Amino acid sequence: MILQREIPYDVEVPRRLPGVAPFEMRDWLHVDEAYAGQIAERLRLLRERRGAVLALDEGARPAAEELLDLVLAWLPEGFVRDGDAVSCPDGRRVVVNRGDPLGTLGALVQEDLCLMETRGEQHVLTGAVLCFPASWRLDQKFLRPLTGIHEPVGEYDAGLAARVQRLFDGVQVGRPLWRFNVLTYADAELHQPRAEHEKRPEVNPRAAHFLRSERQCLIRLPRTRAVVFSIHTYLVDRAGEEP
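Definitions and limits used
- Residues numbered from 1 in each chain as written.
- Predicted model: local features only at pLDDT ≥ 70, side-chain atom pairs only at ≥ 80, totals over all residues.
- Heavy atoms only, no water.
- Core = buried A, V, L, I, M, F, W, Y, C linked by side-chain atoms within 4.5 Å.
- Buried < 20%, exposed > 50% of the residue type's maximum accessible area, 1.4 Å probe, protein only.
- Helix = DSSP H or I, 4+ residues; strand = E, 2+ residues; numbered from the N terminus.
- Contact = heavy atoms within 4.5 Å.
- Pairing = 2+ DSSP bridges.
- Axes fitted to C-alpha atoms, helices over the stretch in contact; angles between N-to-C directions.

> I would appreciate a short explanation of the nonpolar core in the present structure.
One recurring pattern in soluble globular proteins: nonpolar side chains tend to sit buried together. Grouped together as the largest cluster of nonpolar side chains are 51 residues, with contacts concentrated most on Trp28, Leu67, Val71 and Leu113. When contributions to this core are tallied by element, the ones reaching two or more residues are α1 (35-48), α3 (61-73), α4 (101-108), β6 (112-119), β8 (177-180), β10 (210-220) and β11 (227-237). Of the residues forming this core, the biggest block, 7 residues, is contributed by α3. If sequence neighbours within four positions are ignored, Leu67 has contacts with Trp28, Leu102, Leu105, Leu113, Leu115, Leu221 and Val228. Among the nonpolar cores identified, the runner-up in size contains 19 residues, and Ala55, Phe168, Leu218 and Val227 belong to it.

Here it is as structure tokens:
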């Protein structure tokens, strides 16, 4: 099992949806004790199931390249850049492949990374490296707008949809935002795809063994104006929680 010891924020603090707060860019990318395990699983998925975990519309390539440059500029402690290569916290050396920006990012950082670009009146998912989905599938959400991405989430009604769209519209360069969710799972699998209309198995929150939380960040890219939606997945064994 690939687990963290703890979630580094209080998931018990209630926040009204969409529940966002500002953060400093130096706090964007996290490296924790699950880095080696999560990266190994990401590399396996990219090798064996690339079509399920990576998608990029050709029109979004400039945004993907800009995102790669942004991540390289904000790599946290534990990474060392040496020209077109990066030494990683687990001892690997990753050569930056600018012909495959999302694949390179999937091998570098724990975060899943999604690109949302304005097309028409909504933000559309135009690219992603998404190895650890929490009950959704990239192939079903790719090139869909926000309303389609959140279908069939029950609480995502017209009012909340409008608020989320305004949130994406309002993300400003240099003023990133973050939020979190919290989910309970019966198993510790990180790759949890689920078809759009496939009902998620019911899990008794009190009996579920694992607590899963996504630290979700929103960042506006200055050149292409795309919004980056990053997801750092924390998964802890509830048996280790304090009583």
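> Help me understand the sheet that holds strand β5 (residues 93-95), please; the structure alone is not making it clear to me.
Hydrogen bonds between backbone groups are what pair the strands of a sheet, and the pairing can be parallel or antiparallel. Sheet architecture is open: 3 strands sit in the order β3-β4-β5, paired in antiparallel fashion. In the strand order of this sheet, the two ends are held by β3 (80-82) and β5, each with one partner. Within this sheet the neighbouring strands show an average axis-to-axis angle of 25°, counted without direction. For strand β4 (residues 85-87) and β5, the ladder comprises 3 bridges, and the chain directions are antiparallel. Along β5, the bridge assignment pairs Ser87 with Arg93.

Just geometry here; none of it tells us what the structure is for.
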